[in-house]
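# Working through the structure, step by step
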Amino acid sequence: MTIAKTPSPRKSRPPKPAPASEKCGTCAGSGETTTTVRVGRKRREIGATQTGLCLDCLGSGTA
């Protein structure tokens, strides 16, 4: 009496992780940029800064 061996099913691999998205070079992934505030007719800098959306990635932080 011989026992017939059944082939064992293949083990499935776990899915590959999603590739990491590249960070934006302009805002370093934060989505915001800072600019100096300029006032007057000669556009002198007053030492203050303001933040705004990064125009390269539109605030998403990824390229």
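Description of the structure in this document. Because the structure is predicted, anything quoted here is derived from the model rather than measured.

### With respect to the pattern of salt bridges
- For the structure on display, the rule yields 1 salt bridge.
- Among the ionic pairs, Glu45 bridges to Arg38, the shortest N-O distance being 3.2 Å.

### A word on unusual backbone geometry
- Positive phi, normally seen in glycine, also occurs at Ala28, with a value near 60 degrees.
- In this model, Arg43 sits at a positive phi of 55 degrees, which is unusual for a non-glycine residue.
- Here Arg43 is to be found in the loop between β1 (32–39) and β2 (44–53).

### A short note on the state of the cysteines
- As enumerated under the stated definition, the model contains 0 disulfides in all.
- Sulfur of Cys54: no disulfide; nearest cysteine sulfur belongs to Cys57 and is 3.7 Å away.
- A residue is classified by how much of its surface remains accessible, and Cys54, at 1% relative accessible area, is buried.
- Not part of a disulfide, Cys57 finds its nearest cysteine sulfur in Cys27, a span of 3.7 Å.
- The buried category is assigned to Cys57, whose relative accessible area is 9%.

Reading guide: rules and limits
- Residues numbered from 1 in each chain as written.
- Predicted model: local features only at pLDDT ≥ 70, side-chain atom pairs only at ≥ 80, totals over all residues.
- Heavy atoms only, no water.
- Salt bridge = Lys/Arg side-chain N within 4 Å of Asp/Glu carboxyl O.
- Helix = DSSP H or I, 4+ residues; strand = E, 2+ residues; numbered from the N terminus.
- Disulfide = S-S within 2.5 Å.
- Buried < 20%, exposed > 50% of the residue type's maximum accessible area, 1.4 Å probe, protein only.

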